[in-house]
Amino acid sequence: MFKFAKMAWRNIWRNWRRTAIATIAIVLGLILLIFMDAAIEGSDQATYGNAVRLYGGNIQVHAPGFRERARRLPLIPLANADDVVQAVQGNPEVVAAAKRINTAGLISSPEGSFPVTISGIEPDVEVPVNLMAETINQGRFLTSQDEDAIVIGEGLAELLNVGVGDRVTLLGRRLDESMRQSTMTVVGIYDLGTKEAEKLTVLITLPRAQTLYNLRDQETEVAISLQEVGQEGALIPALQSILPGYEVDSWDTLRPELQELLAIKSVFVSIFGLIVLLIASIGILNLMLMAVFERTREMGVLQALGMKGRQLMGLFVMEGMMIGAVGAVVGCILGWFLVWLVAQVGIDLGYAADMGEISALMGDRLYPSIGLNKIVGYGIAVVFIAGLASLIPARQASRNEPSEALHHV
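Residues numbered from 1 in each chain as written. Predicted model: local features only at pLDDT ≥ 70, side-chain atom pairs only at ≥ 80, totals over all residues. Heavy atoms only, no water.

Asker: Talk me through the overall build of the protein chain; I want residue IDs and the actual numbers.
Answerer: Along the protein chain, the regular secondary structure elements total 17 helices and 12 strands. Here the protein chain, with 409 residues, has 49% of them falling under the buried criterion. Working note: accessible area of the protein chain is about 20,100 Å², and carbon and sulfur atoms make up 59% of it. (Helix = DSSP H or I, 4+ residues; strand = E, 2+ residues; numbered from the N terminus. Buried < 20%, exposed > 50% of the residue type's maximum accessible area, 1.4 Å probe, protein only. Areas by Shrake-Rupley, 256 points an atom, 1.4 Å probe, with all protein chains shown as cover.)

So, in structure tokens, the structure goes:
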């Protein structure tokens, strides 16, 4: 086996220019594939991370019956929200556990009335993890001392034609399904970069929501924020075992439409990667076919000396895999270095502002990210595909008759 490997290695460098061209094609394709995957992975991480902050934490805990009617925001009080908070706060992956009340309602000004989701929150707990708190561009965020204060989005402020300090009328659904009206003062306006998302949610303090919507000392949700997106799968089963009387869901369960959109992006990456690897395999196939035609007499000599067809076939497959291995090693190293280099400064996405909810959730800069296991996986795939691409010319080489091959010109 070692002798065949040594012979294959020497063979691929006998015509080093042709080998170098095939290797460069593999390297460039692999760099492009790794960087594209890293860029999309980075955008997904940013989108996921900002989405969980916008839509209520990585994990949400509700009372039984909420999941069925989640779209209607049912006011089903938790049996004991403080117990839920205490149960999760000891976990090292948990950054914050915030109690909330969410209900549907209308917000009005002399310009008109518009439907919104009303969220009663704990400002002191929410500030470090709430995306709206981070994107306040006028006024300030809520404080625990606020009473008739409200924070709204810039898109909604434009519809209502109001600014910081103006009064608006808030109409929200109570526990008994009746509606409660109150006058609130706008203390802050947040800017998410997408007008549609800014029209959906308004924030008031939790104590004020409890008073307005007949939920004295009660909450309808505990929103749990984790250190990283992706930790939900391991934590949810543990929470379900210690909180048997509650419904525990990840954000993507309650917001499947965003998950579906990101899944489409993943399919795009897979198709793109397949095309790149296919192009690389065609280069290997062409290289090995040329080698078969040019080395016909040499193969006849080897067969005359006793080399069997399957051994000759194995030799050519090994040569193809070695070319793939060289390209894979160099391509993976350079691809990783490019991702690392770009990740230090990020890619400016300022041009994509106001291009939709997904672009807004990605933020102003994109930081490519890819795991080492993926890079190694791509490298192994290239070697495997290079071997497959060598099968056709290798089979052709193994079927040549020695007498005919020796007389080939």
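Read on, since the account is not over.
Asker: Please provide a residue-by-residue account of the environment of Ala-325, values included.
Answerer: Residue position: Ala-325 is located in helix α13 (residues 309–345). Residues Ala-325 and Val-383, spaced 58 residues apart in sequence, show a C-alpha to C-alpha distance of 5.3 Å.

Asker: I'd love a proper account of a nonpolar patch on the surface, names of residues and values included.
Answerer: A surface patch of nonpolar side chains, amounting to about 380 Å² of accessible area, comprises Val-267, Ile-271, Ile-275 and Ile-279. Positionally, Ile-275 belongs in helix α11 (residues 256–294). (Patch = residues over 30% accessible without salt bridge, like charges linked within 9 Å, V, L, I, M, F, W, Y side chains within 5 Å. Salt bridge = Lys/Arg side-chain N within 4 Å of Asp/Glu carboxyl O.)

Asker: I'd like a description of the confidence of the model for the protein chain, backed by residues and values.
Answerer: Summary statistics for the protein chain give a mean pLDDT of 81 and a share of 80% for residues scoring 70 or more. Of all the helices and strands in the protein chain, helix α17 (residues 402–406) carries the lowest mean pLDDT, 54, while strand β5 (residues 149–153) carries the highest, 95. (pLDDT = per-residue confidence, 0-100.)

Asker: Describe helix α9 (residues 232–242), with residues and values.
Answerer: Taken residue by residue, α9 has Glu-232, Leu-235, Ile-236 and Leu-239 as its buried positions. End-on, the buried residues of α9 take up no more than an arc of 105°, which puts them together on one face. Seen from the buried face of α9, the exposed residues on the opposite side, beyond 90 degrees, are Gly-233, Ala-234 and Ser-241. (Arc of directions from axis to C-beta.)

Asker: Can you lay out helix α3 (residues 81–89) for me, pointing to particular residues and giving the numbers?
Answerer: Along α3, the residues classified as buried are Ala-81, Val-84, Val-85 and Val-88. Buried residues along α3 cover an arc of 100° about the axis, so they all sit on one side. For α3, the capping residue at the N-terminal end is Asn-80, with a side-chain oxygen 3.1 Å from the backbone nitrogen of Asp-82. (Polar contact = N/O pair within 3.5 Å; in protein donor to acceptor, adjacent residues only side chain to side chain.)

Asker: Run through the nonpolar core, naming residues and quoting values.
Answerer: The biggest cluster of nonpolar side chains holds 26 residues, and the ones touching the most others in it are Leu-30, Ile-34, Val-339, Ile-370 and Tyr-378. Those elements that place two or more of their residues in this core are α1 (2–12), α2 (16–55), α13 and α15 (372–389). The dominant element in this core, judged by the number of residues it contributes, is α13, at 10 residues. Discounting residues that sit within four places of it in the chain, Leu-30 has contacts with Val-276, Gly-327, Ala-328, Gly-331, Cys-332, Tyr-378 and Val-382. (Core = buried A, V, L, I, M, F, W, Y, C linked by side-chain atoms within 4.5 Å. Contact = heavy atoms within 4.5 Å.)

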